[in-house]
Amino acid sequence: MHDPNCIFCKIIEGKIPSRKLYEDDLIYAFHDINPQAPVHFLIIPKAHIATLYDADGSHEVILGRMLAKAGELARAAGAGDGFRTIINCGKVGRQEVYHLHMHVLGGDHPLPPMI
Ligand code: 5GP
Ligand code: ZN
């Protein structure tokens with residue numbers, strides 16, 4: 001389930017510290033270490049899925065949970081009137097960490113066009 005070489009798997013396992021917002025049986029949410037907006041956190045599956053290309057129908061419940069929790073967590077984190085979600089996929093999609101993650105960006109300042 002966990003990839004020993006994956007930084008986000010290590011965060012889920014507590015081997016690398018993170019500022020956790022939420023976790024349940026399927027997902028883990030934590031503040032981005034290099035925030036691009038006043039509110040910037042990541043929602044990740046606990047299972048090691050490398051990219052959105054690697055997700056399929058067997059992951060529907062996990063993917064649904066990631067989206068279903070975004071609003072509640074954004075509100076609790078102080079996103080205010082709105083927020084954006086971004087999933088980068090692959091090198092062309094500007095993905096840097098190869099454990100699927102959804103960025104949640106919000107707050108009262110202008111947000112960058114992309115991460
Ligand atoms: P990507 O470009 O892959 O979509 O975004 C990866 C994100 O993970 C970046 O926004 C980066 O700041 C964040 N990140 C990378 N390493 C760590 C880490 O060790 N801890 C935390 N909290 N965020 C990280
Ligand atoms: Zn991983």
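Residues numbered from 1 in each chain as written. Chains lettered and ligands numbered in written order. Predicted model: local features only at pLDDT ≥ 70, side-chain atom pairs only at ≥ 80, totals over all residues.

Undergrad: Which residues make up the UniProt feature "active site" (unreviewed entry) in the protein chain, and what are the values?
TA: The UniProt entry lists H101 under the feature "active site" (unreviewed entry), expressed in the numbering used here. Checked against the element boundaries, H101 lands in the loop between β4 (83-86) and β5 (102-106). Taking the C-beta count within 10 Å as the criterion, H101 has 26 such neighbours and is therefore assigned buried. Not counting residues within four places of it along the chain, the set of residues in contact with H101 comprises F8, L42, I43 and I44. (UniProt positions renumbered as here; feature names shortened; annotations may be inferred. Helix = DSSP H or I, 4+ residues; strand = E, 2+ residues; numbered from the N terminus. Buried ≥ 20, exposed ≤ 12 C-beta atoms within 10 Å, placed from the backbone. Contact = placed C-beta atoms within 7 Å.)

Undergrad: Requested: an account of the site of ligand 1, with residues and values cited.
TA: Taken together, 14 residues lie near ligand 1, and I33, N34, N88, E96 and V97 sit nearest. Looking at the shell around ligand 1, its residues break down into 6 nonpolar, 5 polar and 3 charged. (Near = placed C-beta within 6 Å. Nonpolar A, V, L, I, M, F, W, Y, C, P; charged D, E, K, R; others polar.)

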